[in-house]
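Here's the letter readout for the chains.
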Amino acid sequence: MPYVKIEVTREGVTREQKQQLIAGITNLITDVLDKDPSLTHVVIQEIELDDWGFAGEQISVLREKGITAQKK
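Reading the values: rules and limits
- Residues numbered from 1 in each chain as written.
- Predicted model: local features only at pLDDT ≥ 70, side-chain atom pairs only at ≥ 80, totals over all residues.
- Heavy atoms only, no water.
- Salt bridge = Lys/Arg side-chain N within 4 Å of Asp/Glu carboxyl O.
- UniProt positions renumbered as here; feature names shortened; annotations may be inferred.
- Helix = DSSP H or I, 4+ residues; strand = E, 2+ residues; numbered from the N terminus.
- Buried < 20%, exposed > 50% of the residue type's maximum accessible area, 1.4 Å probe, protein only.
- Polar contact = N/O pair within 3.5 Å; in protein donor to acceptor, adjacent residues only side chain to side chain.
- Contact = heavy atoms within 4.5 Å.

### Some thoughts on the pattern of salt bridges
Right, so step 1: Counted under the stated rule, the structure contains five salt bridges.
Right, so step 2: Here E7 and K5 are joined by a salt bridge, their closest N and O atoms 3.6 Å apart.

What follows is the structure, given as structure tokens:
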């Protein structure tokens, strides 16, 4: 029974995007590990920006400085 946990910052991930993540991860686990998709669990947890740190700074502070995780 595979269990995959995805943690992302709470920055507007939509229901549709979450569904795409769940489906994509389930398909990947099925294809790569040959696991039954009906037994695969995917959990998405959103973390507040003040509760996530990177490079010694809170993500909320980095966003205020204009630093994002968006592709260029």
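### Notes on the UniProt feature "domain: 4-oxalocrotonate tautomerase-like" (unreviewed entry) in the protein chain
Right, so step 1: In this numbering, the UniProt entry assigns the feature "domain: 4-oxalocrotonate tautomerase-like" (unreviewed entry) to residues 2-60.
Right, so step 2: Helix makes up 36% of residues 2-60 and strand 31%, with an end-to-end C-alpha separation of 32 Å.

### Brief notes about the environment of T14
Right, so step 1: Mapped onto the fold, T14 is located in the loop between β1 (3-9) and α1 (15-33).
Right, so step 2: The exposure class assigned to T14 is partly exposed, which follows from its relative accessible area of 33%.
Right, so step 3: Measuring from C-alpha to C-alpha, the distance between T14 and T40 comes to 21 Å, with 26 residues separating the pair along the chain.

### Notes on the side chain of S60
Right, so step 1: Looking at the secondary structure, you find S60 in helix α2 (residues 59-64).
Right, so step 2: A residue is classified by how much of its surface remains accessible, and S60, at 13% relative accessible area, is buried.
Right, so step 3: Within polar-contact distance, the side chain of S60 engages the side chain of D50 at 2.5 Å.
Right, so step 4: In this structure, S60 is in contact with L49 and D50, ignoring residues within four places of it in sequence.

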